[in-house]
Amino acid sequence: MGTGTSQGVPVIACHCDVCTSVDERDRRLRTSALLRTDGGKNILFDIGPDFRQQMLRQHVLALDAILVTHAHRDHVAGLDDVRSFNYVQRKNMDVYLNGEAKRALLRDYAYIFARHEYPGLPEAELHEVDAPFEAADEKIIPVKAMHKDLPVLGYRIGPMAYITDANHIAPEEIAKLKGVRLLVINALRKQKHFSHFSLSEALEVVEKVAPEKAFLTHISHEMGLHADVQRELPQGVSLAYDNLEIEI
Ligand SMILES: [Zn+2]
Ligand SMILES: [Zn+2]
Ligand SMILES: [Zn+2]
């Protein structure tokens, strides 16, 4: 759905080589991904500011669950637009998240959760998780990671796992990723950053987990041109790009 860092790529008013690139893979909406399960359910990872555009672009007609990694705006700012799915599906949207994210959403989106029944408000049900749970007929394992001082959740669903905005994952959480065939993990840029994995740090995680395929996401314009960076990556590792589809 999207593979860009918080500002997206191109960045407003930036004239760098990446922001002016004509390669479609250098145009990145804010980070999000959609998993279509074998059972035909749609599970969305994060609901950022580009949510509406992403749903329209990929012709998504139904959502069964939203897994929120953390409550930074680039991951939750699209929450108001779940209304469209509420109208069509005639039920609350199930949103799964950790305690920190739940408290942040209750505070920052108080109008959604204040029960004054204003017609047309988004309807979302927040489910706090910190142990394996079931959603959209799938068993989902939360994987805890740190985003500087903020606990964030990655999620493992069978052979795949999705983690973003991490800069540290403890060994016991890495252990939960063992055996995945597909790992999606954040890599901001080549240079070190205080709250996101750099490219080399993300590659270290990939090496530990040893999936068949790894895709890097939450990418900044500072990473460089997609085509250049892709050429430098180890076998089995790719930069993700918007509209990429992967079959597991
Ligand atoms: Zn982010
Ligand atoms: Zn730029
Ligand atoms: Zn973040």
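In this text the structure is predicted, and so the values were computed from the model without any measurement. (Residues numbered from 1 in each chain as written. Chains lettered and ligands numbered in written order. Predicted model: local features only at pLDDT ≥ 70, side-chain atom pairs only at ≥ 80, totals over all residues.)

**Focus: the overall build of the protein**
Now for step 1: A tally of helices and strands in the protein yields eight helices and 12 strands.
Now for step 2: For a compact globule of 248 residues, the expected C-alpha radius of gyration is about 18 Å, and the protein comes in at 17 Å, within 12% of that figure.
Now for step 3: Along the first, second and third principal axes, the C-alpha set of the protein runs to 55 × 40 × 35 Å.
Now for step 4: Within the protein, contacts between residues separated by at least 24 positions form 60% of all contacts whose residues are at least 6 apart in sequence. (Helix = DSSP H or I, 4+ residues; strand = E, 2+ residues; numbered from the N terminus. Rg over C-alpha atoms; globule rule 2.2 N^0.38 Å. Contact = placed C-beta atoms within 7 Å.)

**Some points on unusual backbone geometry**
Now for step 1: Going from V9 to P10, the amide bond is cis rather than trans, its omega being 0°.
Now for step 2: Mapped onto the elements, P10 comes out in the segment before β1 (33-36).
Now for step 3: A positive phi is found at A13, a non-glycine position, where the angle reads about 70°.
Now for step 4: Mapping A13 onto the fold places it in the segment before β1.
Now for step 5: The residue K148 is not glycine, and still its phi comes out positive at about 55°.
Now for step 6: When you line up the elements, K148 lands in the loop between β7 (138-147) and β8 (150-157).

**Some details on the pairing of strand β4 (residues 93-97)**
Now for step 1: Most of β4 is tucked away: four of the five residues are buried.
Now for step 2: Relative to β4, strand β3 (residues 65-67) runs parallel, the two sharing two bridges. Along β4, the bridge assignment pairs I66 with V95.
Now for step 3: Relative to strand β5 (residues 124-128), β4 is paired through five bridges, and the arrangement is parallel. Residue pairing for β5: M93 is matched across the bridge by A124. (Buried ≥ 20, exposed ≤ 12 C-beta atoms within 10 Å, placed from the backbone. Pairing = 2+ DSSP bridges.)

**Some points on the sheet that holds strand β9 (residues 160-163)**
Now for step 1: Read from one edge of the open sheet, seven strands run β6-β7-β8-β9-β10-β11-β12, paired in mixed fashion. Unpaired on one side and paired on the other, β6 (133-135) and β12 (237-239) mark the two borders of the sheet. Sheet twist, expressed as the mean angle between neighbouring strand axes with direction ignored, is 25°.
Now for step 2: Contacts between helix α7 (residues 199-209) and the sheet are confined to β10 (182-186), β11 (213-217) and β12, with β10 contributing the most and set at about 160° to the helix. (Axes fitted to C-alpha atoms, helices over the stretch in contact; angles between N-to-C directions.)

**A word on α7**
Now for step 1: Looking at α7, one finds that the buried residues are L199, A202, V205, V206 and V209. When α7 is viewed along its axis, its buried side chains cluster within an angular range of 120° and face the same direction. Facing away from the buried side of α7 by over 90 degrees, the exposed positions are S200, E204 and E207.
Now for step 2: For α7, the secondary structure elements touched by its buried residues are α6 (171-174), β10, β11 and β12.
Now for step 3: Phi turns positive one or two residues past the end of α7, at A210, with a value near 55°. (Arc of directions from axis to C-beta.)

**Side note on the environment of A202**
Now for step 1: Positionally, A202 belongs in helix α7.
Now for step 2: Distance in space between the C-alpha atoms of A202 and G236 is 13 Å, their sequence separation being 34 residues.
Now for step 3: If we skip the residues at most four places from it in the chain, A202 touches I185, N186, A187, F197 and L216.

**Considering the pairing of β1**
Now for step 1: Residue alternation in β1 divides its side chains into a buried set, A33 and L35, and an unburied set, L34 and R36.
Now for step 2: Both β1 and strand β2 (residues 42-45) contribute to a ladder of four bridges, which runs antiparallel. Looking at the pairing, A33 lines up with F45 of β2.
Now for step 3: The hairpin turn running from β1 into β2, its antiparallel successor, is five residues long, and G40 in that turn takes a positive phi close to 80°.

**Describing the nonpolar core**
Now for step 1: Membership of the largest hydrophobic core comes to 64 residues, with the highest contact counts inside it found for I66, V68, Y155, L183, I185 and L216.
Now for step 2: Counting residues per element, this core draws most heavily on α7, which supplies five residues.
Now for step 3: Aside from chain neighbours lying at most four places away, what touches L216 is I185, A187, A202, V237, L239 and A240. (Core = buried A, V, L, I, M, F, W, Y, C linked by C-beta atoms within 7 Å.)

**Some details on the environment of V95**
Now for step 1: Looking at the secondary structure, you find V95 in strand β4.
Now for step 2: By the C-beta count within 10 Å, which is 22 here, V95 ends up buried.
Now for step 3: Taking the C-alpha atoms as reference points, V95 and D64, separated by 31 residues in sequence, lie 9.3 Å from one another.
Now for step 4: If sequence neighbours within four positions are ignored, V95 has contacts with I66, V68, A124, E125, L126 and H127.

Interpretation note: all reported values are geometric properties and have no functional meaning in isolation.
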